[in-house]
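# Understanding the architecture of this molecule
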Amino acid sequence: MNDSSWGAPTRIGYWGPPDQGAASAGPAYDEPVAQQTRPMPIVPGDPDAGRDAAHRDDRDRGAARPSGPPARDEMPQEPMPSPPPPAAPQPPEPQPPQKKRAGRDLRAAIGVGVGLGAVIVAALFVVKSVFVGVVAVAVVVGLWELTSRLQERKGIRAPLVPLAVGGAAMVVAGYVRGAEGAWVATAFTALAVLVWRMTEPPEGYLKDVTAGLFATFYVPFLATFVAMMLTAEDGPQRVFTFLLLTVVSDTGAYAIGWRFGRHKLAPRISPGKTREGLLGAVAFGMGAGAVCMPLLIDGGTWWQGLVLGLAVAVSATLGDLGESMIKRDLGIKDMGTLLPGHGGIMDRLDSLLPTAPVVWLLFVVFVGAG
């Protein structure tokens, strides 16, 4: 086969040999093509046949005229109009500055505080034993609040019965027998907690008794120092000075911190406390101590009052932070709801409990046990 055979025209659809003498692509070449592109005859009675034939003719004509106008579906679409740009956000209307508010109901807090103070002072200066009973009741209620929150939030079941009975006995023993009686009662209360928990399944025994021992020292043991202060001849005056300095220190911290507080004291523990509030607590506490010590305590001087006021301010602040740490761990705001405007009993004892042993010790150093 030579190269000329590739260019020889052949008849499409003709299987025989090519015509002899065919020199060019004439009608003999175009005729078979025309025959193959001839439309199919329309079968009578077939309504779609005419349409199919017309469509084929249209396609053939379109293929023959590629430069013709595009079909309707191929017409270029007009560009969609772009959406209008969003309106610029309007700046918020300036709001009038809001007055700084306190974080609790001051009316309820003041009312409850005055009522409790009247009961305590009356019991303190009328009959000492009645005041000891008030302290014992406060200890039992505080233990109930603490153990209830531990069980609700952490699933810790510190035994309340031996804690309540032993806590009240510790306060009474501290008043009757002094420090020796308080220590003995504390030891027996701790032993009762260990034995009482043995009556239940062993699961969680360690954490339950650990919480029970913590509660024993945190609430009733610290409260026994108040009872021991009362045993002196000027015991009511010592207890009254202790309570007054603690309340004045807390009030100074709250007032100064609310009005001038800018720098946080311990934001991870208690975001509401500020360094300015601590300075207010120190100033108020030292001022009250300088006045109360020479007036109420036999043999007391003003400079001893300054030292006492400073110690009270620091210990009360640490006690408040300590309970704030416990409440943060438990995920609660207050230990209870017994006192409107204050929370629970433990929310009022938080600064008093750690301050009691500090004041008792300073009284013993300055003026003796009495």
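The rules we used
- Just so you know, the residues in each chain are numbered from 1, in the order the chain's sequence is written.
- The model is predicted, so local features are restricted to residues of pLDDT at least 70 and side-chain atom pairs to those at 80 or more, both for listing and for counting; the totals for chains, interfaces and linings are taken over all residues.
- Side-chain calculation: all heavy atoms of the structure are included, whereas hydrogens and water are not.
- Patch rule: a residue counts if its relative accessible area is over 30% and it has no salt bridge; like charges are joined within 9 Å, and nonpolar side chains (Val, Leu, Ile, Met, Phe, Trp, Tyr) within 5 Å.
- Note that accessible areas follow from Shrake-Rupley with a 1.4 Å probe, and for residues the cover is restricted to the protein chains shown.
- The salt bridge definition used is simple: a Lys or Arg side-chain nitrogen within 4 Å of an Asp or Glu carboxyl oxygen.
- Classification of residues uses two cut-offs on accessible area relative to the type maximum, computed with a 1.4 Å probe and protein chains only: under 20% is buried, over 50% is exposed, and between them is partly exposed.
- Only DSSP runs of H or I covering at least 4 residues are called helices, and only runs of E covering at least 2 are called strands; the numbering of each starts at the N terminus.
- By nonpolar core is meant a set of buried Ala, Val, Leu, Ile, Met, Phe, Trp, Tyr and Cys residues that side-chain atoms within 4.5 Å join together.
- An automatic or database domain assignment provides the domain bounds reported here.
- By definition in these notes, contact holds between two residues if any of their heavy atoms fall within 4.5 Å.
- One fewer than the residue count of a helix, multiplied by 1.5 Å, yields its expected span.
- Here a Phe, Tyr or Trp ring, Trp counted by its six-membered ring, pairs with any other such ring whose centre lies within 6.5 Å, and the pair is stacked when the planes are under 30 degrees apart, edge-to-face when over 60, and tilted otherwise.
- By definition here, charges over rings are those cases where NZ of Lys or CZ of Arg is within 6 Å of the ring centre and within 35 degrees of the ring normal.
- A pair of strands is treated as paired once DSSP finds two or more bridges between them.
- Counted as a polar contact is a pair of N or O atoms within 3.5 Å, where, for protein atoms, one must be capable of donating a hydrogen and the other of accepting one, and residues adjacent in sequence contribute only when both atoms are in side chains.
- Axis lines are fitted through C-alpha atoms, for helices just across the contact stretch, and the angle between N-to-C directions can take any value from 0 to 180 degrees.
- Orientation categories follow fixed angle ranges, with anything under 35 degrees roughly parallel, anything over 145 roughly antiparallel, 65 to 115 roughly perpendicular, and all other angles oblique.
- Crossings are classed by handedness, with left-handed meaning an anticlockwise turn of the near helix from the far one by less than a right angle and right-handed meaning a clockwise turn.
- Each residue gets one label: Ala, Val, Leu, Ile, Met, Phe, Trp, Tyr, Cys and Pro are nonpolar, Asp, Glu, Lys and Arg are charged, and the others, such as Gly, are polar.
- UniProt positions are given in the numbering used here, feature names are shortened, and annotations may be inferred rather than shown by experiment.

### Concerning a nonpolar patch on the surface
Judged by side-chain polarity, Val184, Phe188, Leu191 and Val195 come together as a nonpolar surface patch covering roughly 390 Å² of accessible area. Given the relative accessible area of 48%, Leu191 is considered partly exposed.

### Observations concerning the pattern of salt bridges
Tallying each qualifying case throughout the model produces nine salt bridges. Across the pair Lys154 and Asp329 runs a salt bridge, and its minimum N-O distance is 3.3 Å. Pair noted here: Lys154 is in helix 5 (residues 128-154) and Asp329 is in helix 10 (residues 302-330), with a separation of 175 residues, a long-range link. Among the ionic pairs, Glu200 bridges to Arg197, the shortest N-O distance being 4.0 Å.

### Regarding the nonpolar core
Within the largest apolar cluster, 54 residues are counted, with the highest numbers of intra-cluster contacts made by Phe131, Val239, Phe242 and Leu308. Residue contributions to this core peak at 13 residues, all from helix 7 (residues 205-230). Counting residues domain by domain, this core receives three or more from each of domain 1 (120-231) and domain 2 (233-369). Residues contacting Phe242, with those up to four places away along its chain left out, are Val226, Met229, Leu352, Thr355, Ala356 and Val359.

### Side note on helix 9 (residues 275-296)
Compared with the 32 Å implied by 1.5 Å per residue over 22 residues, the 31 Å span of helix 9 between its first and last C-alpha is a close match. Where helix 9 is buried, its residues contact helix 8 (235-260), strand 2 (270-274), helix 10 and helix 12 (352-367).

### Overview of the packing of aromatic side chains
A full pass over the atoms with the stated rule returns seven aromatic pairs. Ring centres of Trp303 and Phe366 lie 5.8 Å apart, and the angle between their planes is 70 degrees; on these two criteria the pair is classed as edge-to-face. On the criterion of sequence distance, the pair formed by Trp303 in helix 10 and Phe366 in helix 12 is long-range, its members being 63 residues apart. Residue classification places Trp303 among the partly exposed positions, given a relative accessible area of 45%. Cluster of aromatic residues (ring-pair linked, three or more members): Trp183, Phe217, Phe221, Phe225 and Trp360. The ring of Phe260 carries Arg259 above its face, with NZ or CZ at 5.1 Å from the centroid.

### Brief notes about the pairing of strand 2
Here is the key point about a regular strand: its side chains alternate between the two faces of the sheet. Bridging between strand 1 (residues 264-266) and strand 2 involves two bridges; their strand directions are antiparallel. Along strand 2, the bridge assignment pairs Ala266 with Ser270. As consecutive antiparallel partners, strand 1 and strand 2 are separated by three residues.

### Details of the side chain of Thr147
Within the element layout of this structure, Thr147 appears in helix 5. A polar side-chain atom of Thr147 sits 3.2 Å from the main-chain carbonyl oxygen of Trp144.

### Concerning the packing of helix 10 against helix 12
Where helix 10 contacts helix 12, the two axes come as close as 8 Å, and the packing angle between them is 160 degrees. With respect to helix 12, the element helix 10 is oriented roughly antiparallel. For the pair helix 10 and helix 12, the sense of crossing is right-handed. From helix 10, Trp303, Gln304, Val307, Leu308, Ala311, Val312, Ser315, Ala316 and Gly319 reach across to helix 12, where they touch Pro354, Thr355, Val358, Val359, Leu362, Phe363, Phe366 and Val367. A breakdown of the residues in the contact of helix 10 with helix 12 according to their chemical character gives 13 nonpolar, four polar and no charged.

### Here we look at the UniProt feature "transmembrane region" (unreviewed entry) in the protein
UniProt records the feature "transmembrane region" (unreviewed entry) at residues 106-124, 130-146, 158-176, 182-199, 211-232, 238-257, 278-297 and 352-369, using the numbering of this structure. Annotated as residues 278-297, this span is 95% helix and 0% strand, and its ends, taken at the C-alpha atoms, are 26 Å apart. For residues 352-369, helix accounts for 89% and strand for 0%, while the C-alpha atoms at its two ends are 20 Å apart.

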